[in-house]
Amino acid sequence: MKHPLESLLTAGGILLMAFLSVLLLPAPSLGLVVAQKLMSTFHLMDLNQLYTIIFCLWFLLLGAVEFFVLRFLWRRWFSRAA
């Protein structure tokens, strides 16, 4: 029988692993010309806003990749029906 909090703990564990990966893997670094072009394109006030958006997108991207990789691994090797 499946525990009622299993899905919540799984999602929380994946989120924690994504957070640790974001801390360990540096976000993409933009050059000054590219950063200024993006700031003018998205009408941002300063570089802090741009990098806040970049870090949020980086966090979401890594979280989604880890979620699908871990789900694949879990279904492929660890979730064997008895």
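So, a few notes on the structure that sits alongside this text. Please read these numbers as outputs of a predicted model, since none were measured by experiment.

## Quick look at the overall build of the protein chain
Moving on, step 1. Along its length, the protein chain carries three helices and zero strands.
Moving on, step 2. The order of α-helices and β-strands along the protein chain, N terminus first, is α-α-α.
Moving on, step 3. At 18 Å, the protein chain has a C-alpha radius of gyration far larger than the 12 Å of a compact globule built from 82 residues.
Moving on, step 4. Once the C-alpha set of the protein chain is aligned to its principal axes, its extents read approximately 60 × 25 × 20 Å.
Moving on, step 5. Within the span of the protein chain, comprising 82 residues, buried residues form 17% of the whole.
Moving on, step 6. Nonlocal contacts in the protein chain, meaning residues at least 24 apart in sequence, comprise 63% of its contacts between residues at least 6 apart.

## A word on the nonpolar core
The nonpolar side chains of soluble globular proteins are, as a tendency, buried together.
Moving on, step 1. Ala35, Met39, Leu44, Leu50 and Ile54 together form the largest nonpolar core, which totals five residues.
Moving on, step 2. For this core, the secondary-structure elements that each account for two or more residues are α2 (32-41) and α3 (47-78).
Moving on, step 3. Not counting the four nearest positions on each side in its chain, Met39 is found in contact with Leu44, Met45, Asp46, Leu47 and Leu50.

## A closer look at unusual backbone geometry
Moving on, step 1. In this structure, His43 is a non-glycine residue whose phi angle is positive, near 55 degrees.
Moving on, step 2. Mapped onto the fold, His43 is located in the loop between α2 and α3.
Moving on, step 3. Residue His43 is classed as exposed on the basis of its relative accessible area of 68%.

## Quick look at the environment of Pro26
Moving on, step 1. As for its placement among the helices and strands, Pro26 is situated in the loop between α1 (6-24) and α2.
Moving on, step 2. The exposed category is assigned to Pro26, whose relative accessible area is 65%.
Moving on, step 3. With 29 residues separating them along the chain, Pro26 and Phe55 place their C-alpha atoms 9.3 Å apart.

## Section: α3
Moving on, step 1. Under the 1.5 Å per step criterion, the end-to-end length of α3 is 44 Å for 32 residues, consistent within 8% with the ideal 46 Å.
Moving on, step 2. Those residues of α3 that fall on the buried side of the exposure criterion are Leu50, Ile54, Trp58, Leu62, Gly63 and Glu66.

## Some words on a nonpolar patch on the surface
Moving on, step 1. A grouping of Leu16, Phe19, Leu20, Leu23, Leu24 and Leu25 is seen on the molecular surface, where their side chains present a nonpolar patch of about 630 Å² in accessible area.
Moving on, step 2. Mapping Leu20 onto the fold places it in helix α1.
Moving on, step 3. Since its relative accessible area comes to 44%, Leu20 is described here as partly exposed.

Rules of the game
- Residues numbered from 1 in each chain as written.
- Predicted model: local features only at pLDDT ≥ 70, side-chain atom pairs only at ≥ 80, totals over all residues.
- Heavy atoms only, no water.
- Helix = DSSP H or I, 4+ residues; strand = E, 2+ residues; numbered from the N terminus.
- Rg over C-alpha atoms; globule rule 2.2 N^0.38 Å.
- Buried < 20%, exposed > 50% of the residue type's maximum accessible area, 1.4 Å probe, protein only.
- Contact = heavy atoms within 4.5 Å.
- Core = buried A, V, L, I, M, F, W, Y, C linked by side-chain atoms within 4.5 Å.
- Expected span 1.5 Å × (residues − 1).
- Patch = residues over 30% accessible without salt bridge, like charges linked within 9 Å, V, L, I, M, F, W, Y side chains within 5 Å.
- Areas by Shrake-Rupley, 256 points an atom, 1.4 Å probe, with all protein chains shown as cover.
- Salt bridge = Lys/Arg side-chain N within 4 Å of Asp/Glu carboxyl O.

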